[in-house]
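# Structure at a glance
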Amino acid sequence: MTQVTCKRTKAVQSHRIMPNQTNFYKNLYGGQILYIMDNVASVSAGRLTPYGTMTANMDDIHFVAPLPEGDIAHVETYVTGSGKRSMEIFAKVIGEKHNGERYLAATAFLTYVVLKDYVDPDYHLPEVVAHTDEEVYLCNGYEARKAGRADKRSSMKALISHLTVDLLD
């Protein structure tokens, strides 16, 4: 089985927080953070596999600190675990003030899947190898988070079976 380091899958984007991206309190909208995380995570997914992938899940989202207008948001993502066709990607957002001081603003885990149409039935993603303390810590928790997501999936199926798609009159 092939191996890929977390570092090899790392992607980083930096964004200045502009007035049109902020809420009434002049902080970046949470939805903007999620959009950027998902966009950067897609780059990490593409660094693990050359085949078509898509977002299957975004969970354990934590907004740790607000990102005020004018600050910089650095979004960093990398793969922290892989299975047959699914991978977990960790995302963190680091804020940077005008004076250069940095702070943790948000974290999340995203699940990406390789689309069946792109690979043979026996395809298996490369194994992910961690090196830094952060990578080792996150990769060591992958199997437990994966099992938790499987449990959530079955309860979500029950919830979905009770939902309607009727619009309000």
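No experiment lies behind these values; they were computed from the predicted model shown.

Further remarks concern the overall build of the protein chain. Counting its regular elements, the protein chain contains four helices and seven strands. Reading the secondary structure of the protein chain in the N-to-C direction produces β-α-β-α-β-β-β-β-β-α-α. Projected onto its principal axes, the C-alpha positions of the protein chain cover 55 × 50 × 25 Å. With 169 residues in all, the protein chain has 40% of them scored as buried. On the protein chain, roughly 10,300 Å² of surface is accessible, and the fraction owed to carbon and sulfur atoms is 56%. Seen as two clouds, the 18 positive and the 20 negative side-chain charges of the protein chain have centres 3 Å apart.

The next thing to look at is the side chain of Glu76. Mapping Glu76 onto the fold places it in strand S4 (residues 72-82). Beyond its immediate stretch of four places on either side in the chain, Glu76 contacts Lys10, Ala11, Val12, Phe90, Ala91, Lys92 and Glu134.

Once that is clear, we can look at the nonpolar core. Counting 36 residues, the largest nonpolar core has Met37, Leu67, Met87 and Val93 as the members making the most contacts within it. Considering each element in turn, this core owes the most residues, eight residues, to strand S6 (residues 102-114). For Val93, the contacting residues outside a window of four places in its chain are Ile33, Met37, Leu67, Ala73, His74, Val75, Tyr103, Leu104, Ala105 and Ala106.

Bringing the packing of aromatic side chains into the picture now. Counting across every chain of the model gives four aromatic pairs. Ring centres of Phe24 and Tyr25 lie 5.3 Å apart, and the angle between their planes is 85°; this geometry places the pair in the edge-to-face category. An identical accessibility class is assigned to Phe24 and Tyr25; each is exposed. Between the aromatic rings of Phe90 and Phe109, the centroid separation amounts to 5.2 Å while the plane-to-plane angle is 50°, which identifies the pairing as tilted. Placement of the pair is Phe90 in strand S5 (residues 86-96) and Phe109 in strand S6, with a sequence separation of 19 residues.

Turning our attention to the UniProt feature "domain: HotDog ACOT-type" (unreviewed entry) in the protein chain. UniProt records the feature "domain: HotDog ACOT-type" (unreviewed entry) at residues 7-118, using the numbering of this structure. The span residues 7-118 is 20% helix and 46% strand, and its two end C-alpha atoms sit 25 Å from each other.

Before going further, it helps to examine the pairing of S4. The element S4 is extensively covered by neighbouring structure, given that 11 of its 11 residues are classed as buried. In this sheet, S4 lies alongside strand S2 (residues 11-16) in antiparallel orientation, the contact comprising six bridges. Bridge assignment links Gln13 to a residue of S4, and that residue is Val75. As judged from the 10 bridges shared by S4 and S5, these two strands associate in the antiparallel manner. Bridged to Thr77 within S5 is Ala91. Between S4 and S5, which pair antiparallel in sequence order, lie three residues.

With that out of the way, let us pick up a nonpolar patch on the surface. A cluster of nonpolar side chains, namely Met156, Leu159, Ile160 and Leu163, defines an oily patch on the protein surface of about 390 Å² accessible area. Its place among the elements puts Leu159 in helix H4 (residues 142-161).

A separate point is the state of the cysteines. This structure, assessed with the given rule, holds zero disulfides. Take Cys6: it sits in no disulfide, and the sulfur closest to it among the cysteines is that of Cys139, at 3.6 Å. Cys6 sits in the buried class, given a relative accessible area of 0%.

Reading guide: rules and limits
Residues numbered from 1 in each chain as written. Predicted model: local features only at pLDDT ≥ 70, side-chain atom pairs only at ≥ 80, totals over all residues. Heavy atoms only, no water. Helix = DSSP H or I, 4+ residues; strand = E, 2+ residues; numbered from the N terminus. Buried < 20%, exposed > 50% of the residue type's maximum accessible area, 1.4 Å probe, protein only. Areas by Shrake-Rupley, 256 points an atom, 1.4 Å probe, with all protein chains shown as cover. Lys, Arg positive; Asp, Glu negative; His and termini not counted. Charge placed at Lys NZ, Arg CZ, Asp CG, Glu CD. Contact = heavy atoms within 4.5 Å. Core = buried A, V, L, I, M, F, W, Y, C linked by side-chain atoms within 4.5 Å. Phe/Tyr/Trp six-rings, centres within 6.5 Å; stacked < 30°, edge-to-face > 60°. UniProt positions renumbered as here; feature names shortened; annotations may be inferred. Pairing = 2+ DSSP bridges. Patch = residues over 30% accessible without salt bridge, like charges linked within 9 Å, V, L, I, M, F, W, Y side chains within 5 Å. Salt bridge = Lys/Arg side-chain N within 4 Å of Asp/Glu carboxyl O. Disulfide = S-S within 2.5 Å.

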